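Reading the structure
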Amino acid sequence: MTGLTVVLALLAALSNAAASVLQRRAAVQEPERTGTAEPRVRRYTRLLRRPSWLAGAGMLALSSLLQAGALAVGSLSLVQPLLAAELLFTLAVGGLVFRRRPDGRTWLAFVALAGGLALFLLAASPSPGRPTAPPEDWLLGGGGTLGAVVLLMVVARPTRGASRAALLGLASAVCFALTAALLKEAVGRLGQGPAAMFGHWALYATGAAGLVAFLLLQGALGAGSLTASQPALTLGDALTSVVLGWVLFAESIRLGLSLLPEAIGVALIGAGSIGLAHAPSVGGEWDTTDPRAQPGSAAALPRTPRR
């Protein structure tokens, strides 16, 4: 089952990366109009007319199905961190969509982030745990997760640019991790029959949490560059899922001698984060212009930073 879990999770990561890039392209084509009181609903209505946004929504739906399949046969602590491969897929797909090649330092930073997380998971070897969680554990895990999301939204409110994109991306990540935990709770009841799954609150809470995560993701994509929001989105999802797997489903990681490679993995994640913060692509225009626009046209100019 582990091989199937890995394949499904990696396909989900690829679909998620494609969704982020396509919807980021739509956000670039329909930027927020600064200096106006345009309602967000009107902007989202315009986004719905963009083929790239609709294609991204379709890829996000496919990713959810693949993720559900992976969670049905594997642990939350294994499935969600595997989505760190989305970082590399994002660079590959983003380079094709925006017709720009990320610089070498950006590639190294992303490889360090994904490689460090992969090393951590291989050393930690998360255990499967139980298929469902007791109600009292949901009060602790669910309540703590929701509190973290609200706190991140409050902190992000006065910020602009890359900081806002990163904070909203992290809030979206925490919410996506909660969505995955709820989805695992739902599919974990399939062994009792479809009626047990469709009759349980977790399935419908999955939809509500997923909608909040999706809206937070749109805010992150509209606030700043993909290179600012994507690391927080992917790594935040993975690390939050490890915690939720432990709190809710009694999943555990190896300790003892495994702490050394786990520490090396964490160090690589930190080094990748620092490298990404200083990479030229972060301050550039990699995904801030419409790739179809002609050079020198209004659509080809970078967006005016909001102050």
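Please read all numbers here as calculations on a predicted model, not as lab measurements. (Residues numbered from 1 in each chain as written. Predicted model: local features only at pLDDT ≥ 70, side-chain atom pairs only at ≥ 80, totals over all residues. Heavy atoms only, no water.)

Thoughts on the overall build of the chain
Along the backbone of the chain there are twelve helices and zero strands. Its helices and strands taken in sequence order, the chain reads α-α-α-α-α-α-α-α-α-α-α-α from the N to the C terminus. Taking all 307 residues of the chain together, 52% fall into the buried category. Long-range contacts, defined here as pairs at least 24 residues apart, represent 82% of the contacts in the chain between residues at least 6 apart. Of the roughly 14100 Å² of accessible surface on the chain, 70% is carried by carbon and sulfur atoms. (Helix = DSSP H or I, 4+ residues; strand = E, 2+ residues; numbered from the N terminus. Buried < 20%, exposed > 50% of the residue type's maximum accessible area, 1.4 Å probe, protein only. Contact = heavy atoms within 4.5 Å. Areas by Shrake-Rupley, 256 points an atom, 1.4 Å probe, with all protein chains shown as cover.)

Regarding the packing of helix H7 (residues 135-156) against helix H8 (residues 161-187)
Any two packed helices are characterised by how steeply their axes cross, that is the angle between the axes, and by the distance between the axes. Running from N to C, H7 and H8 point in directions that differ by 160°, and their axes come no closer than 8 Å. Taken together, the axes of H7 and H8 are roughly antiparallel relative to one another. Crossing of H7 over H8 shows left-handed handedness. Across from Trp138, Gly142, Thr145, Leu146, Ala148, Val149, Leu152, Val155 and Ala156 in H7, the residues of H8 making contact are Arg164, Leu167, Leu168, Leu170, Ala171, Val174, Cys175, Leu178, Ala181, Leu182 and Glu185. (Axes fitted to C-alpha atoms, helices over the stretch in contact; angles between N-to-C directions. Parallel < 35°, antiparallel > 145°, perpendicular 65-115°, else oblique. Left-handed = near helix turned anticlockwise from the far one by under 90°.)

Remarks on the packing of helix H3 (residues 51-73) against H8
Packing of H3 against H8 brings their axes to within 9 Å, and their N-to-C directions diverge by 60°. Our classification of the angle between H3 and H8 gives oblique. At the point where H3 passes H8, the crossing takes the right-handed sense. Here H3 contributes Ser64, Gln67, Ala68, Leu71 and Ala72 to the contact with H8, which in turn contributes Ala180, Leu183, Lys184 and Val187.

Purely spatial values, then, with no claim about function.
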